[in-house]
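An overview of the molecular structure
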Amino acid sequence: MKYLLYLIYFFIFFSLYAKNNTVILQIEPKRFTLTPEGLEIIKGAAESAVTKSGFILIDPQAQEEALKEQAEQRKKDCYDNECLVDTGKMLAANKIVKLEITELTVGEKYRFVLFVLDVESGAKIGTNTFIYSGTLDDIEKLDLFIRENMIKELLPLSGKDDNSQSKISTTTNNTNIQDSSSVTVITQNKASDSEGKYQAELTSSPKGAEIYDDITGEFWGTTPLKLSMKAGTYKISIDAGEKFKGEKRSFTVEGNSSVNIVLKSRFHSIQVTSEPKGAKIYFDSLNNYKGLTPSADLQIEEGTRKIYVVKRGYKTVEKTVTVLKPESIHFEMPLDISELTLRSEPLGAQIFINNEANGTTPRKIKLANNETYKIKLVLDGFSPYETSFLLTQDSFQTFNLKKDLFDIKFDTNEEAKIFINGSLKGKTPYQTKLKSGQYSITFKSNQFPEYTQTFNITRDETFFTELKEKAEISINCVENGNTISGSSIYLDGVYRGVTPVRVSDVTFGKHTVECSNSSGDYKNQKETINVSGNKDFQIKMELTTRGEERKEGISYNEEEGVLYGMNILGVGKHYRESDDNRFIVNFMPMFKFGIFRSWERKKSWDVVSMHRLYFDIEMVFGYPFIGYSLEMMYSYAIKDMGFSIGPKFIHALDYGDIGDYDSELKSLKTVGLALSLFYNGGSDDFVINFVELFVGSNNTILLTFNLYFMGFDD
C-alpha cells in the first residue's frame, strides 16, 4: 500500500511539473535568409538548451502543424506574440520560447534576442540579447554560444533547482565538462541505478545522426537517444549523412549525463565576386550553374573544386580552389573581343550592326567574340546589303554592293511617245534612271501600231526597238519539242503549208493557228494568238497522241456539224410512159445543204480509216426539171480517198423542151441508190466528188460531179 501511494504521488508531481514546463520553440530570422543547414544547427542547439533547462519541448511536428494552421487563418506567417500565444493554447503549452536572429554584419556578426512568453497571460516573463561574432558555418562555436546563453536565461524560469544542474563552462579543466572540440558532456548527478549504471542522453547537432561503438561496431541508435551506461570512457563513430563529416569521438561517463555532439558540415559558404559584376557562376563544370556575381553564401562541398565565371564579351575564367572553410573568391575577367574590319565596293556605305548605326566603310570595329551580328550596309543608288556574321576571331570582310539605279536609254527607228508602266515619260530617244526590276514599256507612233514590251532592268543598258507594220511568225507542230513532219498549218483557216512554216505578212491583232496531222496519230490543235508587232513570234504547238483511243477497232476523233456545197455538172436519162425518154442536162448549179457526223478508226495494218454519215437536201435546177432531192449517205475513206453510198429521193417538175413550153407541167419522182467517189482535198472540211452515180426508179440514171464543204461544230 505504501508503494502504491508513492507511485500516485510520483504521477501527480510529474503531471504538475509537466503542465508548468511544456514549451513551444519558435526561431525567426529577421530581414535575412537562413540556409537550411544553418537553421538546423541553431534549432538543434536551441532545443538542447530548452530541454537541459528543465523544460519539456512539445513535439516539433505538432508545433509545425499548429503554426501552419494559425498562419492560414491569419494569412501571414505566425511570428507575432499574439499568434504564438494562441498556438500555445492550442497545444496546451505553458510557455513560448522565441529566438529572433538579426544579421548585423553580412556573414560576420549576428544579434540573438530571446523572449519567453507566458501562454496563460500572454506577458513576457523573460528577455535577453546576445551578440555573436563569427560565421554561422562555425558549428562548434555557434552551438556552444546558443546553449550557454539560452540555458543561463531559461534555467531560472523552469523552477528547477540550480544545484541539481552543473554550470556550463567552456574551460577544458572543468571536471564536469568534457569538450573534445565537438563533444560536450554535462554531468547532472552521480546517482546510479541498482546495477551501477548511469542514464546518458546523447544528442547531436544536427539530430538524426547514427551512433556506432567504434570498437565493436555495434549500432547504438539515432540521436537523440537515451542509454544506460556504466562509468567509463567510450569511443564512438558518428554518421550524419552526406552533408556532414563522419566523426570518431570519445567521452567519459561519470554520472547521469547529457552528451551533445556537434558535427562538422561537409559544405562551406563561399562568396564569389568578379570584375565586372554580373558574371555567371558555375561549379565543377559549365553545366552546374549557381548564380551571378557578386554572390554570397554559396554552399560548396569541401575539397578541391573548380569554379568558373562566364560573361558575354569577356573571357571565361577558371580557378581551382581547395575549400576547407568559408572564404571569398574574386575573379578578374579580361575582355574577349576581336576586331572586325568592314569594307564595301564602292566605299562610303553606312554601317548598321544589330540595327544600330556604326559609322561608314571602311571601318574597324571591336566586338565581343562568339556572338552573331546582323550587319547592314546602306548607300544611295545601291541596294541595301544585309547579312549575319558569327565573330570568333579578327576578321576582314568586303561587300560588293549592287547598283540600284541604272542609266537606261530607250530608242526606236521612228520617233514615238514612250510610256513606262502606263505613265507618259517623253519621246524616243529617251534617257532615265531606273531601279532594278521589270518594267512595261509602251511605244506610240503615228506611223506604226502601238507596241508594248516588258524589259528587265539589271544594269546600265540601251534598248533599241524596231517598230513594224506587220509581224513575222514561225509556226511548228511538235511533240516533246521535236518537229512532227508532214503536219498541216492553217492561219485563220487558210492553209500555209507543212511544218515548219514561216509567215512574214501577219497583221497585228488576234489570229487563229491550227495544226493538223493527217496520220491520225495526233489530236488536232488550235490556238488563238495576239500579234502585237515589233518582234518575231515563234509558235510551237504541242500535239498530243491519242493514246488508248488509237487501239484497233476503237472510234476516236468524233465530230459533227453541217455541210454545204453545189453540183458543178450533171447528165442523165429519165423514162416516162407518157413521153419519150428524156435526156437531162444539169447546166445550172444544184445547191446542197445538210448535217453530218464523222469518226475515225485504226485498221489492223496500221492505217487510219475515216467514216462519215450525213443527210442533205439538194436544190435541183437541171433541164428540163426544177425541184429537190433528199439523200442519206455513208462515207468511207483511207488517206483522203474514199466512196459514199446511200439512198436518194428526187422530186422535180418537168417544164418541157426548150422553145416548146408545155403548159401542163408534169412531175418527176424517183427513188434509188447513189454511189460516189470522193477526195478530201487535203483537209477534213473540203470534199470533191469525182463522180456520183444515181440509179433510180422509172429508168432514171444521173451522173454528177460535186464540190462541197464540211463545217465542223468545234
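This section reports on the structure supplied with the text. Note on numbering: residues in each chain are counted from 1, in written sequence order. In keeping with the predicted nature of the model, local features appear solely for residues at pLDDT of at least 70, side-chain atom pairs appear and are counted solely at 80 or more, and the whole-chain, interface and lining totals rest on all residues. Side-chain figures throughout are based on the complete set of non-hydrogen atoms in the structure, without hydrogens or water.

1. Some remarks on the overall build of the chain
Operational definition: Helix and strand labels come from DSSP, where a helix needs a run of H or I of at least four residues and a strand needs a run of E of at least two; each type is numbered from the N terminus. Between two residues, a contact is recorded if the distance between any of their heavy atoms is within 4.5 Å. Areas reported as accessible are Shrake-Rupley estimates using a 1.4 Å probe. Residue values count occlusion only from the protein chains shown.
Helix and strand counts for the chain stand at 5 helices and 52 strands. The contacts in the chain between residues at least 6 apart in sequence include a share of 53% that link residues at least 24 apart. For the chain, the exposed surface amounts to about 38400 Å²; the carbon and sulfur share of it is 51%.

2. A short note on the pattern of salt bridges
To keep things clear, this is the line we draw: One side-chain nitrogen of Lys or Arg within 4 Å of one carboxyl oxygen of Asp or Glu is enough to make a salt bridge. Only protein chains enter the accessibility calculation, which uses a 1.4 Å probe; a residue is then buried when its area is under 20% of its type maximum, exposed when over 50%, and partly exposed in between.
Taken as a whole and judged by the stated rule, the model has 23 salt bridges. Among the ionic pairs, lysine 248 bridges to aspartate 214, the shortest N-O distance being 3.8 Å. Of the two residues, lysine 248 sits in strand E13 (residues 247–253) while aspartate 214 sits in the loop between strand E9 (210–213) and strand E10 (219–222), which places them 34 residues apart along the sequence. Judged by its relative accessible area of 29%, aspartate 214 falls in the partly exposed class. With its nearest N and O atoms 2.4 Å apart, the salt bridge here joins arginine 305 to aspartate 284. Of this pair, arginine 305 sits in strand E19 (residues 303–310) while aspartate 284 is found in the loop between strand E16 (280–283) and strand E17 (289–292), placing the two residues 21 residues apart along the sequence. One connected set of salt bridges, linked through shared partners, spans Glu28, Lys30, Lys98 and Glu100.

3. What about the side chain of serine 488?
Take serine 488: it is sitting in strand E38 (residues 488–491). Contact partners of serine 488, with chain neighbours within four places excluded, come to Tyr495, Gly497, Val498, Glu514, Cys515 and Ser516.

4. Topic: the sheet that holds strand E27 (residues 385–391)
Worth spelling out the cut-off: DSSP calls a pair of strands paired once it identifies at least 2 bridges connecting them. Lines are fitted to the C-alpha atoms to define the axes, a helix being fitted only along its stretch in contact, and any angle between axes, read from their N-to-C directions, falls within 0 to 180 degrees.
If you walk across this open sheet you meet the 4 strands as E24-E23-E26-E27, and the pairing is antiparallel. Edge positions in the sheet fall to strand E24 (356–360) and E27, since each of these pairs with one other strand and no more. Each strand axis lies, on average, 30° off the axis of its neighbour in the sheet, ignoring direction. Here 3 bridges tie strand E23 (residues 350–353) to E24, and the two strands are oriented antiparallel to one another. Pairing of isoleucine 353 across the sheet is with glutamate 356, part of E24.

5. Brief notes about the sheet that holds strand E41 (residues 509–516)
Reading across the sheet, the 4 strands line up as E39-E38-E41-E42 and stay open at both edges, with antiparallel pairing between neighbours. Lying at the two open borders of the sheet, with one neighbouring strand each, are strand E39 (494–498) and strand E42 (525–531). Pairwise comparison of adjacent strand axes, ignoring direction, gives a mean angle of 25° for this sheet. Relative to E42, E41 runs antiparallel, the two sharing 7 bridges. Pairing of threonine 512 across the sheet is with threonine 528, part of E42.

6. Concerning the packing of helix H3 (residues 60–74) against helix H4 (residues 81–90)
We count it as follows: Any angle that is under 35 degrees is reported as roughly parallel, and any over 145 degrees as roughly antiparallel; angles of 65 to 115 degrees are reported as roughly perpendicular and all others as oblique. Left-handed describes a crossing whose near helix is turned anticlockwise from the far helix through less than a right angle; right-handed describes the clockwise counterpart.
The N-to-C vectors of H3 and H4 enclose an angle of 130°; their axes lie 10 Å apart at closest approach. Between H3 and H4, the angle is such that the two are oblique. For the pair H3 and H4, the crossing hand works out as right-handed. Facing H3, whose interface residues are Ala66, Leu67, Glu69, Gln70 and Arg74, H4 presents Glu82, Cys83, Leu84, Asp86, Thr87 and Met90.

7. Points about the nonpolar core
We apply this condition: Take the buried Ala, Val, Leu, Ile, Met, Phe, Trp, Tyr and Cys residues and link them wherever side-chain atoms come within 4.5 Å; each set so joined is a nonpolar core.
Judged by nonpolar contacts, the single largest core of 49 residues is most densely connected at Ile42, Phe112, Ile146, Met150, Trp220 and Phe251. Residue contributions to this core peak at 7 residues, all from helix H5 (residues 139–154). Apart from the residues lying within four places of it in its own chain, the contact partners of phenylalanine 112 are Ile42, Leu99, Glu100, Ile101, Asn128, Thr129, Phe130, Tyr132, Leu142, Phe145 and Ile146. Core analysis: the next-biggest nonpolar cluster, separate from the first, contains 19 residues, Val531, Phe537, Ile539 and Leu543 among them.

8. Concerning a nonpolar patch on the surface
Note the threshold: Grouping into patches uses exposed residues only, defined as over 30% relative accessible area, and leaves out salt-bridged ones; the cut-off is 9 Å for like charges and 5 Å for nonpolar side chains (Val, Leu, Ile, Met, Phe, Trp, Tyr).
Where nonpolar side chains cluster on the molecular surface, the patch consists of Val562, Tyr564, Phe591, Phe593, Ile595, Leu613, Phe615, Ile617, Met619, Tyr628 and Met632 and spans about 1000 Å² of accessible area. Put simply, the parts of the chain that give the nonpolar patch at least two residues each are strand E44 (556–574), strand E46 (590–602), strand E47 (608–620) and strand E48 (625–638). With 4 residues, the single largest contributor to the nonpolar patch is E47. Of note, phenylalanine 591 is situated in strand E46.

9. Description of the pairing of E16
Sheet topology places E16 next to E17; 3 bridges connect them, and they run antiparallel. Paired with tyrosine 282 across the bridge in E17 is tyrosine 289. The antiparallel pairing of E16 with E17 creates a hairpin that spans 5 residues between the two strands, and aspartate 284 there sits at a positive phi of about 70°. Relative to E19, E16 runs antiparallel, the two being bridged by 4 bridges. The residue bridging lysine 280 from the neighbouring strand is valine 310, located in E19.

10. Thoughts on the packing of aromatic side chains
For the record, the criterion: Pairs were defined over the aromatic rings of Phe, Tyr and Trp, the Trp ring being its six-membered one, requiring ring centres within 6.5 Å. Orientation was assigned from the angle between planes: stacked under 30 degrees, edge-to-face over 60, tilted for the rest.
In total, this model carries 16 aromatic pairs according to the counting rule given. Aromatic side chains phenylalanine 32 and tyrosine 110 sit 5.8 Å apart centroid to centroid with 45° between the ring planes, which places their arrangement in the tilted category. Taken together, the positions of phenylalanine 32 in the loop between strand E1 (22–30) and helix H2 (36–52) and tyrosine 110 in strand E4 (residues 109–118) put the pair 78 residues apart, joining distant regions of the chain. An identical accessibility class is assigned to phenylalanine 32 and tyrosine 110; each is buried. When the centroid spacing of 5.1 Å and the interplanar angle of 50° are considered together, the rings of tyrosine 212 and phenylalanine 219 count as tilted. For tyrosine 212, a relative accessible area of 27% corresponds to the partly exposed category. A connected cluster of aromatic rings, assembled from ring pairs, spans Phe112, Phe130, Tyr132 and Phe145.

11. Looking at H2
Operational definition: Here a helix's expected span is defined as the number of its residues, less one, multiplied by 1.5 Å. We call two N or O atoms a polar contact when they sit within 3.5 Å, provided that within protein one can donate a hydrogen and the other can accept it, with sequence-adjacent residues counted only if both atoms are side-chain atoms.
Across its 17 residues, H2 extends 24 Å between first and last C-alpha, which sits within 8% of the 24 Å expected from 1.5 Å per residue. When you tally the buried positions in H2, you get 12 out of 17 residues, the bulk of the element. The opening residue of H2 is threonine 35, an N-cap whose side-chain oxygen sits 3.0 Å from the backbone nitrogen of glycine 38. Count one or two residues on from H2 and you reach glycine 54, which has phi positive near 100°.

12. Some remarks on the environment of alanine 296
Considering the arrangement of structural elements, one finds alanine 296 in strand E18 (residues 295–301). When residues no more than four places from it in sequence are discounted, the contact partners of alanine 296 are Ile270 and Gln271.

13. Description of H4
Buried within H4 are the following residues: Cys83, Leu84, Val85, Thr87 and Gly88. The secondary structure elements touched by the buried residues of H4 are E1, H3, strand E3 (95–105) and E4. At the C-terminal side of H4, alanine 92 shows a positive phi close to 60°.

14. Considering the side chain of serine 269
In this structure, serine 269 sits in strand E15 (residues 267–275). Those residues in contact with serine 269, other than ones at most four positions away along the chain, are Asp137, Asp297, Leu298, Gln299, Pro326 and Glu327.

These values are about where atoms sit, not about what they do.
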